[in-house]
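Overview (structure and organization)
These are the residues of each chain, in order.
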Protein chains: 2
Amino acid sequence: MALYFPTVTTQIEQKINSLYFGENPPELYEPLRYLMQLGGKRIRPLLTILGYYTFQDDWERVVTPAVGVEVFHNFTLMHDDIMDNAPLRRGKVTVHEKWDANTAILSGDVMLVKAYELFADVESQYFKKVFTLFNQCATEVCEGQQKDMNFETQEEVSEADYLDMIRQKTSVLLGFALQTGAILAGADLENEILIRDFGIAMGLGFQIKDDFLDVYGETETFGKQVGGDIISNKKTFLLINAQKRAEGNLKIELEKWLSLTTFNPSEKVEIVTQIYNQLGIKEVTEQKIQSYFDKAFTCLEKMTLAPEKRILLTEFAQMIMQRQK
Amino acid sequence: MALYFPTVTTQIEQKINSLYFGENPPELYEPLRYLMQLGGKRIRPLLTILGYYTFQDDWERVVTPAVGVEVFHNFTLMHDDIMDNAPLRRGKVTVHEKWDANTAILSGDVMLVKAYELFADVESQYFKKVFTLFNQCATEVCEGQQKDMNFETQEEVSEADYLDMIRQKTSVLLGFALQTGAILAGADLENEILIRDFGIAMGLGFQIKDDFLDVYGETETFGKQVGGDIISNKKTFLLINAQKRAEGNLKIELEKWLSLTTFNPSEKVEIVTQIYNQLGIKEVTEQKIQSYFDKAFTCLEKMTLAPEKRILLTEFAQMIMQRQK
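Residues numbered from 1 in each chain as written. Chains lettered and ligands numbered in written order. Predicted model: local features only at pLDDT ≥ 70, side-chain atom pairs only at ≥ 80, totals over all residues. Heavy atoms only, no water.

**Observations concerning the packing of helix H9 (residues 189-216) of chain A against helix H15 (residues 281-302) of chain A**
Residue and element names in this part refer to chain A.
- Their axes nearest at 8 Å, the elements H9 and H15 cross at an angle of 160°. The angle between H9 and H15 places the two elements in the roughly antiparallel class. Here H9 and H15 pass one another in a crossing that is left-handed. Only Lys282, Thr285, Glu286, Lys288, Ile289, Tyr292, Phe293, Lys295, Ala296, Cys299, Leu300 and Lys302 of H15 make contact with H9, whose side of the interface consists of Leu194, Asp197, Phe198, Ala201, Met202, Leu204, Gly205, Phe206, Ile208, Lys209, Phe212 and Tyr216.
- For the contact of H9 with H15, the residue count by class is 15 nonpolar, 2 polar and 7 charged. (Axes fitted to C-alpha atoms, helices over the stretch in contact; angles between N-to-C directions. Helix = DSSP H or I, 4+ residues; strand = E, 2+ residues; numbered from the N terminus. Parallel < 35°, antiparallel > 145°, perpendicular 65-115°, else oblique. Left-handed = near helix turned anticlockwise from the far one by under 90°. Contact = heavy atoms within 4.5 Å. Nonpolar A, V, L, I, M, F, W, Y, C, P; charged D, E, K, R; others polar.)

The following block contains the structure:
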C-alpha cells in the first residue's frame, strides 16, 4: 500500500482538530487553537509519518507524536513572531497582534509543554530516546533563532555562520521529525541516522530555496510579496554571497541601497535583483540548493530500503526541491 | 542521619554552578546563568530532596532533578517578569531590562527545555510518571499566571477564584516538587499523594503569608518595601476580603484609594492598612494561613513515616509558616 500524501495530511488535520489542549482560561488556549488552525503545509508531521512508514506500514500509530512536532513548530512561530514584530502569519494576523505580546508569550509556553505531552504517546521502549533527541533539537532551534536575531545587527555574516544558523533554526527539526518516525518504527541505528541526515540536508536546501524564491519566485505562485527580504535587508544566502562577491561600483551601489532608510520599495527590489544577476547570485544559489538535495539523495542511496519506500522518499524530496511556494 | 538544610542548600548551589547549560550564542545562555545565580531561597529543590529523604536516606541521588524544578521555576520568573514589566528580581535588574524582552523570551524558552532535560536524570522506571506529572504541573502554572494577569483588569475577584489562581501559580509546583522526591524514593501511592497535598496546602499558606507580609511585615526582615501590593492595587487575599467586607463609608474610602491615579504612596499604604485593620483583615488572613498549615499538618499525620522524618517535615512546615520574609 503506497502512502498517499493528501490522506496523511487530512489525518494530521483531523488529529489537530480533535485534540483537547485545554479550555480555561480562554486567553491561554484560544491563541494556541487559532495558530494551529491557520493551516500551513504540515511538512514536519508528514516527515514523522514518512520516517515511520519507511520502515513500517501502519503509520496511523504515530499521528499523535507527529502532531507533537507540529505543535512545537507552531510554538516557535508564536514566539518568533513576537521577536520579529511580524504582523502576519500565513496571511492572518499574528497572535501578539490579535491579542498582545504577553498572551503570545504565555500561550507559546503552554504550547511547548503540550508538544512534550504529545510525545508521551510513544511506545515506552522508545520514549526516553525520543525525549532526549527532542530536548537537543529544541535547544538547537532556540540557538538558531538567537543567532538569526543577532545577524540583524551584525555588519557582515559569513556564509558558514549563515548555514550554521539555518541548520539549527530549520533543518534539525526536519531531521528530528524523520528520525523520530524511524525510531518508532524500530529502524536500525544506521538507517535512523541516514534518514535524519537526509532530512537535515533537505532542510538546508529547503531554506535556501526559500531565500531564492523571495527574489526569483513568481508572486502568484509564491503566495507572498517577492522581494520582502531585499526590502528589509535580511541577511539571506543571496545577500551574504552578493556582499562577498561585489567589488568596485557594484559594491558601492549595493551598500548604498542597504544603508538607505527611505526608498521606493519596488525600485530597491529591482536594483538589488539586477546586482544579484550581475554577480551570478542566481546560479550560485541554485547550485547550493542542488548540492544539498544531492546530499539528501546520497543519504537515501546509502539506506537499506524496500524499493517502493525509496521511491516515495525520493518523490518527497523532489517535491520539496521543486516547490515554487 | 538527620538532614541538615544548609548542607542541602549548599549542594543545590554547587549543582547549579556546575551545570553546563550551553555557551553559544552567549545572548541565550548568559541570561539563564545570570538569573539562576541570583540566588533565592531554593525552596523548591529543597522540597524534592525532602520528599525523597522522607522515604530514603541517600538524597544526593536526586539533586539533579531537584535543580530541574528550580530551573523550571526560574523560567517562569523570567517570563513573568516580562509580562509584569518588573524592573527588579531579588534586588537585581530583571533579564528583560538588563538585555531586552526578546532575549528574555528566548532564554526563558531554552530554560524550559533545560528543565525537562534535567528530569531525564531520574531512574527509568519512574521517568514517565514524573514526566507526565511535570507536564500537568507546568500547564497549571501557565494557567495560574494567565488568571493572575486577568485579575489585573477584573473589577472584582472572588476569594475562590483567587485561591484557585494561587494554587495553580504557586502551590502545585511545591506539591510536584515533594511528590517527585517521594516517587523517586519509591514511596507508595498513598504517601506520595499525601506528601503532594502537604505541599499544596503549605504552598497556599505560603502565598497568603506573602500577601500578609506585604502589609504586616517589617521592612528590615521582609527585605522589600512594605505596602507594594497596596500601592499597585494588587488583588491579594487581603484586598479581596476587604472589598467583600467593607460597607458604607469604609467601602467608599477604600474604593476611592483604589481609583486614585495620583497619590502619596506612603499615605495610601497607611490609610488602606487602617481600613484593613478596621475590617479585621489581619485576623481573617492569619486564620486562613493557619487553616492551610493545619491542613498540611493533617496530611503529615496521615502519612506512614519514621518518627525522625515526621519531625523533619513538621519543622520544615513550621519554618515556612513562621517566615518573616
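**Thoughts on the nonpolar core**
- In terms of nonpolar packing, the biggest core is built from 240 residues, with Phe198, Met202 and Tyr276 of chain A together with Phe198 and Tyr276 of chain B touching the most fellow members.
- Beyond its immediate sequence surroundings of up to four residues, Tyr276 of chain A is in contact with Val215, Tyr216, Ile230, Leu238, Leu239, Ala242, Ile281 and Lys282 of chain A. (Core = buried A, V, L, I, M, F, W, Y, C linked by side-chain atoms within 4.5 Å. Buried < 20%, exposed > 50% of the residue type's maximum accessible area, 1.4 Å probe, protein only.)

**Some points on the relation of the copies chain B and chain A**
- Overlaying chain B on chain A yields an RMSD of 0.0 Å, the required transformation being a rotation through 180° with an accompanying axial translation of 0.0 Å. Within this description, the copies of the chain are treated as partners about a two-fold rotation axis.
- A high fraction, 100%, of the interface residues of chain B reappear at the interface in chain A, so the copies pair face to face through one surface. (Least-squares fit on C-alpha atoms with pLDDT ≥ 70 in both.)

**Considerations on the packing of helix H13 (residues 248-259) of chain B against helix H14 (residues 265-278) of chain B**
All names here are of chain B.
- For the pair H13 and H14, interaxial distance at closest approach is 10 Å and the crossing angle is 150°. By the angle between their axes, H13 is roughly antiparallel relative to H14. As H13 packs across H14, the resulting crossing turns out to be left-handed. The segment H13 lies against H14, with Leu250, Glu253, Leu254 and Trp257 engaging Glu267, Lys268, Ile271, Val272, Ile275 and Gln278.

**A word on the domain arrangement of chain A**
Residue and element names in this part refer to chain A.
- If you check the domain split of chain A, you get domain 1 (1-187) and domain 2 (190-325).
- One C-alpha centre belongs to domain 1, the other to domain 2; they are set 22 Å apart.
- The interface is formed by 34 residues belonging to domain 1 together with 34 residues belonging to domain 2.
- Surface buried jointly by domain 1 and domain 2 totals about 2,900 Å² across both partners, of which 70% is contributed by carbon and sulfur atoms.
- On the domain 1 side of the interface with domain 2, the three residues burying the most area are Thr54, Glu159 and Tyr162, jointly 20% of the side's total.
- Counting across the interface, domain 1 meets domain 2 through 4 salt bridges.
- A salt bridge links Lys288 to Glu159; the nearest nitrogen and oxygen atoms lie 3.5 Å apart.
- Counting the contacts that link domain 1 with domain 2 gives 12 residue pairs in polar contact (both at pLDDT 80 or more).
- Contributions of two or more residues to the side of domain 1 that touches domain 2 are made by helix H3 (43-53), helix H7 (124-153) and helix H8 (159-184). (Domains from an automatic or database assignment. Buried area = accessible area lost by both parts, 1.4 Å probe. Salt bridge = Lys/Arg side-chain N within 4 Å of Asp/Glu carboxyl O. Polar contact = N/O pair within 3.5 Å; in protein donor to acceptor, adjacent residues only side chain to side chain.)

**Examining unusual backbone geometry**
- With an omega of 0°, the peptide bond between Asn24 of chain A and Pro25 of chain A qualifies as cis.
- Position of Pro25 of chain A among the secondary structure elements: in the loop between helix H1 (5-18) and helix H2 (26-36).
- Its identity as a non-glycine residue notwithstanding, Asn233 of chain A has a phi of 60°, on the positive side.
- Note that Asn233 of chain A resides in the loop between helix H11 (228-231) and helix H12 (237-245).
- Not every positive phi belongs to a glycine, and Arg42 of chain B is a case in point at roughly 55°.
- Within the secondary structure, Arg42 of chain B sits in the loop between helix H2 (26-36) and helix H3 (43-53).

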